[in-house]
Amino acid sequence: MPLDTRTATAHDPSHDELRRLEAGLDSLQAVPESPRGAFRRTLDGFLPPILLLIGLVLAWQVYILIVKPRPDLIPGPLDVFGALVSAWNSDRLQLAVTTSLERGGLGFIIAVAIGTPIGLLLAECRPVRRALGPLLSGLQVLPSVAWVPAAIIWFGLSDATVYFVILMGAVPSIANGLVSGVDQIPPQLRRVGTVLGASRVQMATLVVLPAALPGYFSGLKQGWAFAWRSLMAAEIIVIGGDIGFGLGSMLHLSRELADLSGVLATILVILFVGILVELVIFAPIERRLLRRRGLMAAGLR
Amino acid sequence: MSALTNIAVAPTPTALEPAAITVDALGKRYGTGPLVLDNINLSIEPGQFVCLLGASGCGKSTLLNIIAGLEKPTEGAVTVASGKAAVMFQDAALFPWLTAGRNVELALKLGGVPRKDRRADALELLDLVNLADAADKRPHELSGGMRQRVALARSLAQDRKVLLMDEPFAALDAITRDLLHEELERVWRQTGRTIVFVTHNVREAARLGERILLMSSRPGRIVNEWTITDAGSRRIESPEVARLSDEITDQLRQEIRRNAA
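Residues numbered from 1 in each chain as written. Chains lettered and ligands numbered in written order. Predicted model: local features only at pLDDT ≥ 70, side-chain atom pairs only at ≥ 80, totals over all residues. Heavy atoms only, no water.

1. Description of the overall build of chain A
Part 1 of the argument: Regarding its fold elements, chain A presents 11 helices and zero strands.
Part 2 of the argument: Traced from its N-terminal end to its C-terminal end, chain A shows the element sequence α-α-α-α-α-α-α-α-α-α-α.
Part 3 of the argument: Taken over C-alpha atoms, the radius of gyration comes to 27 Å for chain A, far larger than the 19 Å a tight globule of 301 residues would show.
Part 4 of the argument: Its C-alpha atoms give chain A principal-axis dimensions of roughly 90 × 50 × 30 Å. (Helix = DSSP H or I, 4+ residues; strand = E, 2+ residues; numbered from the N terminus. Rg over C-alpha atoms; globule rule 2.2 N^0.38 Å.)

Here is the structure:
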C-alpha cells in the first residue's frame with residue numbers, strides 16, 4: 001500500500017468538518033443525470049425519421065394521383081412495392097442482399113485489418129507519415145470505381161476484382177481516421193502516461209489507442225460507407241464471369257429490362273441496407289463510446 | 001505547537017538528512033533562444049513544502065518539468081534522491097474513458113502494484129481525498145475540484161516521496177481552491193511527501209508553503225526566499241498570511257518592473 005493512512009487523523013473533528021464541506025460542494029457542483037429513460041431515448045431516435053418517411057411516401061402517392069404521369073417513366077409507390085414483392089417471390093432480392101452484404105462485410109473486415117496497422121504506422125512514425133500521408137489522402141479523394149477497369153484487367157471477372165475495389169475505397173478512410181484520432185489526443189494525456197512511468201508498449205495500448213478510439217471509430221464508419229458505395233459501383237459495372245448476383249447486378253438487370261420500378265426498388269433496398277447497418281451496428285456503439293467520455297452534444301443524449 | 005502538528009507523520013528535517021531534491025548550477029535555454037533559467041541552485045529537505053512563486057513566463061514550470069525529468073537541462077544537474085517524482089498538472093488530465101477509480105488503478109498498475117490489491121488501494125486513496133463515493137463516476141461527471149482531487153489521488157498512487165505540482169488549483173473557483181488548500185495540507189501532513197508547488201498566486205504560496213522561493217523573469221533566477229516556521233495550519237484570511245503576501249508582492253512587483261523596457 002502506498003500510504004499508511006490508518007496511522008493518521010481518522011477522527012479528527014476538523015477533518016470531519018472538511019469532509020462535510022467538501023461533500024456539500026461536490027453535490028452542488030455535480031452534473032445532474034439525464035432525466036430521460038432508455039425507452040424514451042430510443043423513441044426520440046426512431047420516431048422522427050419514420051414519420052418523415054411516411055410523409056414522403058404519402059406526398060409521392062398524392063403526386064401520382066393528381067398528376068397521373070406515365071407509369072413507365074414515374075412509377076408510384078405501389079408499383080415500386082410490387083417490384084419489391086416480385087423480386088422477393090423469385091428469391092432474387094434475398095440472394096442479392098445476402099451476396100452484397102457478405103461481400104461488403106468481408107471486404108470491410110479485410111479493410112480494417114489492413115487499414116489499422118497502416119494508420120498506426122502513419123500516426124507514430126514521422127518519416128512514413130511524410131512519405132505516405134499525402135498519397136493516402138489523395139486515394140481518399142479518388143473514387144474507387146476508377147480502379148474497376150484496372151482490376152478487371154488484373155483479376156478478370158472474379159470476386160477479387162470486387163474486393164480490390166472495396167479495399168481501395170475503405171482502407172484510406174480507416175487509416176486516415178486512426179491518424180486523426182491519434183493526432184487529436186490532448187498532449188497532456190501522453191505526458192501523464194510518461195509521468196506515470198508507462199513503457200512504449202503500455203503507452204500505445206493503455207493511453208494512445210483508447211484515447212484515439214472516437215476518431216478511429218468515425219474512420220471505421222466512413223470506411224464502411226466507402227466500402228458499400230464502392231461495392232455497388234463495382235457490381236453495376238462488373239457483370240458476368242464468376243461474379244455472383246448482388247444488389248448492383250440487380251440494378252443493372254432492371255435497367256437492361258427498362259423496368260424503372262425495379263430500378264427504384266433496388267435503389268431503395270441499397271439505401272435501406274446502408275441505413276440499417278448504421279442504425280443497428282454503428283450508432284449504438286458510437287453513442288455508448290461518446291456518452292461514456294462526456295462527448296455527446298446535449299441534444300443527442 | 002498545535003494539535004495538528006503533534007499528530008503529523010511528516011519527519012522533522014534535520015541538517016544531517018540528505019536533501020530530497022538538489023539542483024546544481026542549473027541553466028536552460030531552448031535552442032539558441034534566450035536563457036530561460038540561469039544558475040539555479042537549490043536544496044530541498046525531505047518532507048518540506050516548497051512553493052515556487054513567480055510571474056507568468058518566468059520559467060517556474062520549466063524548472064518543475066526539469067525536476068520531473070520531462071525536460072533536459074542545458075547545463076547543471078538535478079538530483080531527486082528518491083528516484084523519480086510524481087507530478088500533478090493544472091489540467092487534471094484524467095483519462096476520459098476510465099472511471100475515477102480506474103484512473104487511480106491505472107497509476108497503481110503502471111507502478112507495479114499487483115492486480116488483486118489495486119481496487120482496494122485505489123478506493124483507499126480516493127477516500128483520502130474524500131471521493132470514495134465517486135469511484136465509479138467518469139471524469140466528465142465530476143466537477144473541476146473533484147477531478148483535481150482524483151488527479152491528486154492518482155499522483156499519490158505513484159508512491160513516490162516527491163510530489164511536484166504545477167499550478168494545480170489555478171483553474172478552480174476560489175471556494176473550491178480554498179478547500180483544496182486544506183485538503184492538500186492535510187494530505188501532506190499525513191503522508192510526509194516532499195512537495196514542490198508552482199504558483200503565480202502570492203496568497204496561495206503564503207497560505208501553503210513552509211518555504212517560498214521567489215523567481216525573477218528573463219532569465220529565471222531565484223531572487224529571494226522566505227521560511228515560515230510551521231505552527232500548524234493557517235488560513236488564507238489570517239493576518240500573518242496577509243502580511244507575508246504583502247511583503248512578497250512588493251518584491252514580485254519590483255522584479256516585474258525591472259522588465260519594463
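2. Examining the environment of L65 of chain A
Part 1 of the argument: Turning to its location among the elements, L65 of chain A is positioned in helix α2 (residues 38-67).
Part 2 of the argument: For L65 of chain A and R291 of chain A, which are 226 residues apart along the polypeptide, the C-alpha to C-alpha distance reads 46 Å.

3. So, the pairing of strand β8 (residues 211-216) of chain B
Here is the key point about a regular strand: its side chains alternate between the two faces of the sheet.
All names here are of chain B.
Part 1 of the argument: Most of β8 sits inside the fold, with six of its six residues counted as buried.
Part 2 of the argument: Here β8 shows two buried faces, one formed by R211, L213 and M215 and the other by I212, L214 and S216.
Part 3 of the argument: Across four bridges, the pairing between strand β3 (residues 49-53) and β8 is parallel. Looking across to β8, one finds that L52 is bridged to L213.
Part 4 of the argument: Judged from the six bridges that link them, β8 and strand β9 (residues 221-227) form a sheet pairing that is antiparallel. Bridged to R211 within β9 is T227.
Part 5 of the argument: Between β8 and β9, which pair antiparallel and follow one another directly, the connecting turn spans four residues, one of which, R218, has a positive phi of 45 degrees. (Buried < 20%, exposed > 50% of the residue type's maximum accessible area, 1.4 Å probe, protein only. Pairing = 2+ DSSP bridges.)

4. Brief notes about the interface of chain B and chain A
Part 1 of the argument: Each side of the interface is counted separately: chain B has 50 residues, and chain A has 39 residues.
Part 2 of the argument: Both sides together, the interface formed by chain B and chain A hides about 4100 Å², and carbon and sulfur atoms give 61% of it.
Part 3 of the argument: Of all residues in chain B, W97, L110 and L179 of chain B give up the largest surface area on contact with chain A, accounting jointly for 17% of the area buried on that side.
Part 4 of the argument: Linking chain B with chain A are zero salt bridges, by the criterion used here.
Part 5 of the argument: Between the two partners, chain B and chain A, sit five residue pairs in polar contact (both at pLDDT 80 or more).
Part 6 of the argument: Secondary structure elements with two or more residues in the side of chain B that touches chain A: α3 (100-110), α4 (115-128), α5 (144-157) and α6 (174-191) of chain B.
Part 7 of the argument: For the side of chain B that touches chain A, the class distribution of residues is 25 nonpolar, eight polar and 17 charged. (Contact = heavy atoms within 4.5 Å. Buried area = accessible area lost by both parts, 1.4 Å probe. Salt bridge = Lys/Arg side-chain N within 4 Å of Asp/Glu carboxyl O. Polar contact = N/O pair within 3.5 Å; in protein donor to acceptor, adjacent residues only side chain to side chain. Nonpolar A, V, L, I, M, F, W, Y, C, P; charged D, E, K, R; others polar.)

5. Quick notes on the packing of aromatic side chains
Residue and element names in this part refer to chain A.
Part 1 of the argument: Scanning the model with the defined rule gives 12 aromatic pairs over all chains in all.
Part 2 of the argument: Taking the centre distance of 5.6 Å and the plane angle of 20 degrees together, the rings of W224 and W228 count as stacked. Residue W224 and its partner W228 are located together in helix α9 (residues 200-237), separated by four residues, close to a single helical turn. Neither residue differs from the other here; W224 and W228 are each classed as buried.
Part 3 of the argument: Each residue in the set F108, F217, W224, W228 and F282 is aromatic and connected to the rest through ring pairs, giving one cluster. (Phe/Tyr/Trp six-rings, centres within 6.5 Å; stacked < 30°, edge-to-face > 60°.)

6. Description of the packing of α4 of chain B against α5 of chain B
All names here are of chain B.
Part 1 of the argument: Put simply, α4 and α5 touch, their axes get as near as 9 Å, and they point 130 degrees apart. As summarised for this structure, α4 and α5 are arranged oblique, according to the angle between their axes. Like other packed secondary-structure pairs, α4 and α5 cross with a definite hand, here right-handed. Of α5, the residues touching α4 (which contributes L125, L126 and L128) are V150, A153, L156 and A157.
Part 2 of the argument: Residues belonging to the contact of α4 with α5 are distributed by class as follows: seven nonpolar, no polar and no charged. (Axes fitted to C-alpha atoms, helices over the stretch in contact; angles between N-to-C directions. Parallel < 35°, antiparallel > 145°, perpendicular 65-115°, else oblique. Left-handed = near helix turned anticlockwise from the far one by under 90°.)

7. Side note on the sheet that holds β8 of chain B
Residues and elements named next belong to chain B.
Part 1 of the argument: With mixed pairing, six strands are arranged side by side in an open sheet as β5-β6-β7-β3-β8-β9. Every other strand in the sheet has two partners, leaving β5 (86-88) and β9 as the edge strands with one partner each. Neighbour-to-neighbour, the strand axes of the sheet open up by a mean angle of 20 degrees, direction not taken into account.

8. Focus on the domain arrangement of chain B
All names here are of chain B.
Part 1 of the argument: Splitting chain B by domain gives domain 1 (9-85 + 160-257) and domain 2 (96-159).
Part 2 of the argument: Spacing between the C-alpha centres of domain 1 and domain 2 amounts to 25 Å.
Part 3 of the argument: Taken together, the 17 residues of domain 1 in the interface contact 12 residues of domain 2.
Part 4 of the argument: Buried area between domain 1 and domain 2, summed over both chains or domains, comes out near 1100 Å², and the portion from carbon and sulfur atoms is 67%.
Part 5 of the argument: Where domain 1 packs against domain 2, one counts zero salt bridges.
Part 6 of the argument: Taken together, the links from domain 1 to domain 2 amount to four residue pairs in polar contact (both at pLDDT 80 or more).
Part 7 of the argument: Counting residues per element, the ones that place at least two in the side of domain 1 that touches domain 2 are β6 (162-166) and α6. (Domains from an automatic or database assignment.)

9. Describing the environment of L126 of chain B
All names here are of chain B.
Part 1 of the argument: By the element assignment, L126 lies in helix α4.
Part 2 of the argument: Sequence separation between L126 and P46 is 80 residues; the distance between their C-alpha atoms is 25 Å.
Part 3 of the argument: Leave out the neighbours within four places in its chain, and L126 touches A100, G101, V104, L131, A132, A135, V150 and A153.

10. Let's talk about the sheet that holds strand β4 (residues 75-80) of chain B
Residue and element names in this part refer to chain B.
Part 1 of the argument: The antiparallel open sheet is built from three strands, whose spatial order is β2-β1-β4. The outermost strands of the open sheet, each flanked by one partner alone, are β2 (35-44) and β4. Pairs of neighbouring strands in the sheet enclose a mean axial angle of 20 degrees, with direction left out of account.
Part 2 of the argument: The pairing of strand β1 (residues 21-29) with β2 spans six bridges and is antiparallel. By the bridge assignment for β2, L26 is matched with I40.

11. Topic: the pairing of β6 of chain B
Residue and element names in this part refer to chain B.
Part 1 of the argument: A large share of β6 lies buried, amounting to five of its five residues.
Part 2 of the argument: Sheet topology note: the β5/β6 ladder contains three bridges and is parallel. By the bridge assignment for β6, V87 is matched with L164.
Part 3 of the argument: Across five bridges, the pairing between β6 and strand β7 (residues 194-199) is parallel. Following the sheet pairing, L163 is matched in β7 by I195.

12. With respect to the confidence of the model for chain B
Residues and elements named next belong to chain B.
Part 1 of the argument: Per-residue pLDDT for chain B averages 80, and the proportion of residues at 70 or more is 92%.
Part 2 of the argument: Across chain B, the secondary-structure element scoring lowest on mean pLDDT is helix α1 (residues 3-6), at 36, and the one scoring highest is β7, at 89.
Part 3 of the argument: Across residues 1-13, confidence stays below pLDDT 50; counting only partners more than four residues off in sequence or on other chains, it has 20 contacts. (pLDDT = per-residue confidence, 0-100.)

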